Amino acid sequence: MTDTSLSPPMQPVLRVEHLSKSFGALKASNDVSLDLYPGEIHALIGPNGAGKSTLIKQISGGLQPDMGRIELLGHDVTALDTVARARMGLGRTFQISSLAMEFSVLQNAVLGALGACGKSLGFFRNVMKDKALLEVAEEALSRVGLLQAAQQRTADLSHGQRRQLEVAVALTLKPRLFLMDEPMAGLGASGSKELTGFLDQLRYEAPILLVEHDMDAVFALADRISVLVYGAVIATGTADEIRNHPEVRRAYLGEEDET
Amino acid sequence: MGRERLFNLAVILALLAVPLLALALDEPFVITLATKVAILALAGVGLNIALGLGGLVSLGHAAFFGIGGYAMGILAAHAQNYEPLFSWPFLFEGSNQMPLIWLVAVLASAAAALVIGALSLRTSGVYFIMITLAFGQMLYYFAISWSAYGGEDGLSIWVRNEMPGLNTLIPIQFFGVCFALLCGALLFSARLAGSGFGLALSAARQTEERVETVGLQPFKLRLVAFVISGAITGLAGALFADLNRFVSPTMLSWHTSGEIMIFVILGGVGRLYGPVVGAAVYILLEHLLGGISEYWQIFLGLLLLGMVLFARGGLIGALLGREVAHD
């Protein structure tokens, strides 16, 4: 653990304790504990089928764990649903883009701003003329470099642009922490590099729990890495510690690092 | 002005022009047909909020249409018999005044939609269709056995209800009332679609988990939409009963639900003027082909099949193409 940056005892933004979830005989989450501190990127890696998605779902509120507890900003949220956790400041992005495909790019961003603003939705006023919401939405779009495409239909976006919009919608929520499920998936080398640079800065606004397959990005970004294998965290540590961890090498990095 | 807005304007002007022309040519039956189109379109505008905007395939909207109809029938029947509806805890007399009848129709159908919606919206897809259908049929059989209000035979009202300042017995004046309400509902529906509520509801139809992730409750959005939708269809039911001066359990049957849905699908699901176009084409077909053969619905079926197979956006979609994103 990087104790240098954490010298004053800080409250973790997210604390997952002894989380277990089984589907029949399959232990998708097996006594998982991890936490996320302000200003850090905590990456979660693991081979396919290790239970990353199940874990993400439990943290975001879509799936109830069998055992264990989840704490968000010091509050026990284990029993709360997705909506309540989102309102507390959990900003999630999806592995498979779940955007409103019929909407324009701007409408998707406004939807995020609308949900986060906490005011009543309004039945009569044209939401696309609400200055405050538009400002939030446009700022988020410009930060991910999507402002030029604001009027495009979301279904017409390229895969990479959809990934950018995923991140932009999360930005409009102004969350207290990000939960990002493979934001690099399907991005080209340059897109991946660009997003890596962006997330590197974003961590100072809100810490990021990052599930990612792109190892270059993970090792470049993560303050800490947790390795999930067969539903259990087998190691947590800095990039170097994880690289040199014998069990991790055997279970996961082995094939790649043999050269 | 976009193409669709121009088209919509032409549609609504045509609906206004036809009965005026009929008035000039002394063809009262055509005025009645146009009135029927306006009323059924209004019912469709109601359903379209649930179906088009919210993606809620309700096969139970006859419940609200019928509740609106019975609200009119019961109030007017008590008025024409000079019997109060109830005298405790306060005296409630029947009424032949349209504004009051509309208010009761809207409130009653909204309340029914709240109950039916709260229970049905826990399901989705086919189950939602079946449970809304079941609620509609429950009310249908209840009306059949409710002998106090005519049971299977329904209720006849001798004289059309009154509207302050108008003579509703003159067909063109009653048309005017229905047309004005249709325009009001269309305006309301357009504002709703462009509002924050409309954006969130439409998003919930496209991607439920996204809406939850931004901190909004899809269930609540849908319930509100369902109540608004039921209330508008209920208002149409009160007008429909007034047009026929008759209300019967048929208004509550699932055929009626199907017909209202056909208006929406024929015109274009989610298109603002879809129900107007759909209802107009439906009534035209019924009138023109119904004269040739009593099996005219075969042609309707073919048309509907063609629409669903080749033009997912209904007639408006086939004519104008895909809807552009709201600006």
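In this report, we go over the structure that sits alongside the text. (Residues numbered from 1 in each chain as written. Chains lettered and ligands numbered in written order. Predicted model: local features only at pLDDT ≥ 70, side-chain atom pairs only at ≥ 80, totals over all residues. Heavy atoms only, no water.)

Attention shifts here to the overall build of chain B. Secondary structure summary: chain B contains 13 helices and four strands in total. For 327 residues, the compact-globule estimate of 2.2 N^0.38 gives 20 Å, and the C-alpha radius of gyration of chain B, at 19 Å, lies within 12% of that figure. Along the first, second and third principal axes, the C-alpha atoms of chain B reach 55 × 50 × 40 Å. A burial count over chain B gives 53% of its 327 residues as buried. Here chain B displays about 14600 Å² of accessible surface, and carbon together with sulfur accounts for 67% of that area. Within chain B, one finds 14 positive and 17 negative side-chain charges whose respective centroids are separated by 15 Å. (Helix = DSSP H or I, 4+ residues; strand = E, 2+ residues; numbered from the N terminus. Rg over C-alpha atoms; globule rule 2.2 N^0.38 Å. Buried < 20%, exposed > 50% of the residue type's maximum accessible area, 1.4 Å probe, protein only. Areas by Shrake-Rupley, 256 points an atom, 1.4 Å probe, with all protein chains shown as cover. Lys, Arg positive; Asp, Glu negative; His and termini not counted. Charge placed at Lys NZ, Arg CZ, Asp CG, Glu CD.)

Residues and elements named next belong to chain A. Within the open sheet, the six strands sit side by side as E6-E7-E8-E3-E9-E10. Their pairing is mixed. Edge positions in the sheet fall to strand E6 (90–93) and strand E10 (232–237), since each of these pairs with one other strand and no more. Strand-to-strand, the axes of this sheet are offset by a mean angle of 15°, without reference to chain direction. Across four bridges, strand E3 (residues 41–45) lies against strand E8 (residues 208–211) in parallel orientation. Paired with Leu44 across the two strands is Val211, which belongs to E8. (Pairing = 2+ DSSP bridges. Axes fitted to C-alpha atoms, helices over the stretch in contact; angles between N-to-C directions.)

A few words on the layout of surface pockets. Residue and element names in this part refer to chain B. By volume, the second largest pocket amounts to about 360 Å³. Forming the boundary of the second largest pocket are 14 residues, of which Leu15, Val18, Val37, Ala280 and Leu284 lie nearest the centre. Elements that contribute at least two residues to the lining of the second largest pocket include exactly helix H1 (3–24), helix H2 (28–53) and helix H11 (274–290). At six residues, the largest contribution of residues to the lining of the second largest pocket is made by H11. Taken together, the residues of the lining of the second largest pocket break down into 13 nonpolar, one polar and no charged. (1 Å grid on protein atoms, 1.4 Å probe; cavity = no way out; pocket = protein on both sides within 12 Å on 5 of 7 lines; lining within 4 Å. Points joined across faces, edges and corners; volume = space filled by probe spheres on them. Nonpolar A, V, L, I, M, F, W, Y, C, P; charged D, E, K, R; others polar.)

As a general feature of sheets, a regular strand has side chains that alternate between the two faces. All names here are of chain A. Taking burial as the measure, the six residues of strand E9 (residues 224–229) include six buried ones, the bulk of the element. Here E9 shows a buried face lined by Arg224, Ser226 and Leu228 and a second buried face lined by Ile225, Val227 and Val229. Alignment of E3 against E9, held across four bridges, turns out to be parallel. In the strand pairing of E9, Ile45 is matched with Val227. Of the pairings in the sheet, the one linking E9 to E10 comprises five bridges and is antiparallel in character.

Once that is clear, we can look at the sheet that holds strand E5 (residues 75–76) of chain A. Residue and element names in this part refer to chain A. Overall, antiparallel pairing links the four strands, which are arranged E2-E1-E4-E5 in an open sheet. Of all the strands in the sheet, just strand E2 (26–36) and E5 have a single pairing partner and so form its edges. Docked against the sheet, helix H1 (residues 52–60) engages strand E1 (14–23), E2 and strand E4 (67–72), running at close to 120° with respect to E1. (Contact = heavy atoms within 4.5 Å.)

Across the contact, 29 residues belong to chain B and 35 residues belong to chain A. Taking both sides of the interface into account, the surface hidden between chain B and chain A amounts to around 2900 Å²; carbon and sulfur atoms contribute 61%. Of all residues in chain B, B:Leu199, B:Arg210 and B:Thr213 give up the largest surface area on contact with chain A, accounting jointly for 24% of the area buried on that side. At the junction of chain B and chain A, the tally comes to two salt bridges. A:Glu102 serves as the salt-bridge partner of B:Arg205, at 3.1 Å between the closest nitrogen and oxygen. Taken together, the connections running from chain B to chain A amount to eleven residue pairs in polar contact (both at pLDDT 80 or more). Those elements that place two or more of their residues in the side of chain B that touches chain A are helix H6 (171–194), helix H7 (196–206), helix H8 (208–213) and helix H9 (218–244) of chain B. It is H7(B) that provides the largest number of residues to the side of chain B that touches chain A, a total of eight residues. Among the residues forming the side of chain B that touches chain A, the class breakdown is twelve nonpolar, ten polar and seven charged. (Buried area = accessible area lost by both parts, 1.4 Å probe. Salt bridge = Lys/Arg side-chain N within 4 Å of Asp/Glu carboxyl O. Polar contact = N/O pair within 3.5 Å; in protein donor to acceptor, adjacent residues only side chain to side chain.)

Turning to H6(B), a few remarks are in order. Residue and element names in this part refer to chain B. In a regular helix each residue adds 1.5 Å, so 24 residues correspond to 34 Å; H6 covers 35 Å between its end C-alpha atoms and thus fits that length. Restricting attention to buried positions, one finds in H6 the residues Ile172, Phe174, Phe175, Val177, Cys178, Phe179, Leu182, Ala185, Leu186, Ser189 and Leu192. Buried residues belonging to H6 abut H1, H2, helix H4 (98–120), H7, H9 and H11. (Expected span 1.5 Å × (residues − 1).)

Relative orientation and spacing of two packed helices are given, respectively, by the angle between their axes and the distance between those axes. One can describe the packing of helix H3 (residues 105–117) of chain A onto H7(B) by two numbers: an axis separation of 10 Å at closest approach and a directional angle of 110°. When the axis of H3(A) is compared with that of H7(B), the two are roughly perpendicular. Residues A:Gln107, A:Val110, A:Leu111 and A:Leu114 of H3(A) lie in contact with H7(B), whose contacting residues are B:Gly196, B:Leu199, B:Ala200 and B:Ala203. Class assignment for the residues of the contact of H3(A) with H7(B) results in six nonpolar, two polar and no charged. (Parallel < 35°, antiparallel > 145°, perpendicular 65-115°, else oblique.)

Positionally, B:Leu216 belongs in the loop between H8 and H9. Residue classification places B:Leu216 among the buried residues on the basis of a relative accessible area of 8%. If near-sequence neighbours (up to four positions away) are discounted, B:Leu216 is found in contact with A:Val83, A:Arg87, A:Leu111, A:Gly115, A:Leu121, B:Ala200 and B:Val211.

Every α-helix carries 3.6 residues per turn, so stepping three or four residues along brings you back to the same face. All names here are of chain A. With 14 residues, helix H6 (residues 189–202) should reach 20 Å at 1.5 Å per residue; the first-to-last C-alpha distance of 20 Å fits that figure. Burial in H6 covers these residues: Ser192, Leu195, Thr196, Phe198, Leu199 and Leu202. For H6, the secondary structure elements touched by its buried residues are E3, helix H4 (131–143), helix H5 (159–172), strand E7 (177–181), E8 and helix H7 (215–221).

Residues and elements named next belong to chain A. Two elements in contact, H5 and H6, have axes whose closest approach is 12 Å; the angle formed by their N-to-C orientations is 15°. Here H5 lies roughly parallel to H6, going by the angle between them. By crossing handedness, the relation of H5 to H6 is classed as left-handed. Packed against H5, whose contacting residues are Gln164, Val167 and Leu171, the element H6 presents Glu194, Leu195, Phe198 and Leu202 at the interface. Taken together, the residues of the contact of H5 with H6 sort by class into five nonpolar, one polar and one charged. (Left-handed = near helix turned anticlockwise from the far one by under 90°.)

With that out of the way, let us pick up a nonpolar patch on the surface. Taken together, B:Tyr295, B:Ile298, B:Phe299, B:Leu302, B:Leu305, B:Leu309 and B:Phe310 make up a surface patch of nonpolar side chains, about 870 Å² in accessible area. Mapped onto the elements of the fold, B:Leu309 is located in helix H12 (residues 297–310). (Patch = residues over 30% accessible without salt bridge, like charges linked within 9 Å, V, L, I, M, F, W, Y side chains within 5 Å.)

Residues and elements named next belong to chain A. Along the chain, Lys21 turns up in strand E1. Look at Lys21 and you get buried, because its relative accessible area is 12%. A polar side-chain atom of Lys21 sits 2.8 Å from the main-chain carbonyl oxygen of Gln64. Once you skip the residues sitting within four places of it in the chain, Lys21 turns out to touch Leu26, Lys27, Ala28, Ser29, Thr54, Gln58, Leu63, Gln64, Pro65 and Asp66.

Fair warning: the whole summary comes from geometry, so function is off the table for now.
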